[in-house]
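# Fold and contact review
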Amino acid sequence: MTQPTRPDYPIADLMLKRTSPRAFSPEPMAPAALRQCLEALRWAPSCFNAQPWRLLVAPRQDEAAFAALTGCLVEGNRIWAAQASVIGVALAVSHFEHNGKPNAWAQHDVGLGLAQLNLQAVALGYATHLMGGFDKNAVRALANVPEGAEPLVAFVIGKEADPSVLPESLRDKECAPRTRKAQADWVFSTHYGTPLNLG
Ligand SMILES: Cc1cc2nc3c(=O)[nH]c(=O)nc-3n(C[C@H](O)[C@H](O)[C@H](O)COP(=O)(O)O)c2cc1C
């Protein structure tokens with residue numbers, strides 16, 4: 001299993017439990033559970049409530065769609081992601097619908113939405129893994145994506161499995177300690193680079 005989260009300060013349980021495993025057991029996800037994850041994304045905040053997220057989703061029960069979307073991943077992701085229960089690609093709509101102007105926060109808001117999807121999945125006993133490693137043009141062609149919608153990140157949802165299901169080359173990665181920069185490296189006072197001092 002992926003290594004535990006070791007926070008410097010206590011954080012809520014869902015975030016403690018969230019990791020991005022590569023070892024998944026290839027079982028279907030109940031449609032109701034998938035809908036719950038999508039609903040969690042739906043209620044994310046977004047600039048002007050524009051909801052700039054669009055999702056392409058293929059549950060593994062739909063073999064053709066699942067194979068088509070996993071086929072858009074880079075090889076290094078496909079080898080493990082193909083064992084997950086659901087694959088998706090999140091897209092960002094680049095302009096506001098209400099005035100046609102560029103939405104500088106579109107990608108940000110898609111990320112916020114995915115964070116909510118991730119945590120809802122954890123609450124239901126699933127894990128997620130986001131991937132930048134996929135062919136955007138292949139996704140565009142496959143799904144007939146219109147201009148103005150940008151494939152941003154692929155993701156899988158699934159049941160975490162024992163790392164022994166992975167090829168040897170990935171097993172060590174899966175079991176490596178999970179690390180983060182210290183807060184002092186990125187939480188500043190009003191002077192960039194000076195760590196925030198809370199006494
Ligand atoms: C936008 C984004 C792109 C990512 N792309 C990949 C990827 O292509 N392949 C992969 O194995 N992991 C990918 N990851 C997962 C990160 O490597 C992972 O979140 C990070 O190492 C922290 O580990 P944790 O999620 O278990 O805390 C991506 C994560 C994000 C947010």
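Presented here is an overview of the structure given in this document. Numbering of residues starts from 1 in each chain and follows the order in which that chain's sequence is written. Predicted model: local features are reported for residues with pLDDT of at least 70 only, side-chain atom pairs are reported and counted for 80 or more only, and whole-chain, interface and lining totals are derived from all residues.

## Remarks on the overall build of the chain
- Helical segments are the DSSP runs of H or I of at least four residues, strand segments are the runs of E of at least two, and each set is numbered from the N terminus. Assigned secondary structure in the chain consists of seven helices and five strands.
- For the chain, the sequential pattern of α-helices and β-strands runs α-β-α-β-α-α-β-α-β-α-β-α.
- Two things to know: the radius of gyration comes from C-alpha atoms, and the globule rule equals 2.2 Å times the number of residues to the power 0.38. Taken over C-alpha atoms, the radius of gyration comes to 18 Å for the chain, in line with the 16 Å a tight globule of 199 residues would show.
- Projected onto the principal axes, the alpha-carbon positions of the chain cover approximately 55 × 50 × 30 Å.
- Out of the 199 residues belonging to the chain, those deemed buried represent 28%.
- Contacts here follow a simple rule: the backbone-placed C-beta atoms of the two residues must lie within 7 Å. The long-range share in the chain, meaning contacts at least 24 apart out of those at least 6 apart in sequence, stands at 76%. Residue burial is a threshold on neighbouring C-beta atoms within 10 Å of the residue's own C-beta, all placed from the backbone, with 20 or more meaning buried, 12 or fewer meaning exposed, and counts in between meaning partly exposed.

## Comments concerning the site of the ligand
- Nearness between a residue and a molecule or strand is assessed with a C-beta atom placed from the backbone; a distance within 6 Å qualifies. Around the ligand, the structure places Thr-2, Thr-19, Ser-20, Asn-77, Leu-130, Met-131, Gly-132, Gly-133, Val-153 and Arg-178.
- The class makeup of the residues in the shell around the ligand is three nonpolar, six polar and one charged. Asp, Glu, Lys and Arg are counted as charged, while Ala, Val, Leu, Ile, Met, Phe, Trp, Tyr, Cys and Pro are counted as nonpolar; the rest, among them Gly, fall into the polar class.

## A word on unusual backbone geometry
- Of note, the phi angle at Phe-48 is positive, near 60°, even though the residue is not glycine.
- Relative to the helices and strands, Phe-48 is located in the loop between helix H2 (31-42) and strand S2 (53-59).
- Judged by C-beta crowding, with 13 C-beta atoms within 10 Å, Phe-48 ranks as partly exposed.

## Examining the pairing of strand S5 (residues 149-160)
- One ladder, built from two bridges, connects strand S1 (residues 24-25) with S5; its direction is antiparallel. Bridging from a neighbouring strand, Phe-24 pairs with Glu-160 of S5.
- When strand S3 (residues 86-93) meets S5, the two strands line up antiparallel, connected through eight bridges. Pairing of Val-89 across the sheet is with Ala-154, part of S5.
- Two elements, strand S4 (residues 127-131) and S5, share five bridges in a ladder whose sense is antiparallel. Residue pairing in the sheet places Thr-128 in a bridge with Ile-157 of S5. When DSSP finds at least two bridges between two strands, those strands are taken to pair.

## Description of the environment of Leu-170
- In this structure, Leu-170 sits in helix H7 (residues 168-175).
- Contact partners of Leu-170, with chain neighbours within four places excluded, come to Arg-22 and Trp-80.

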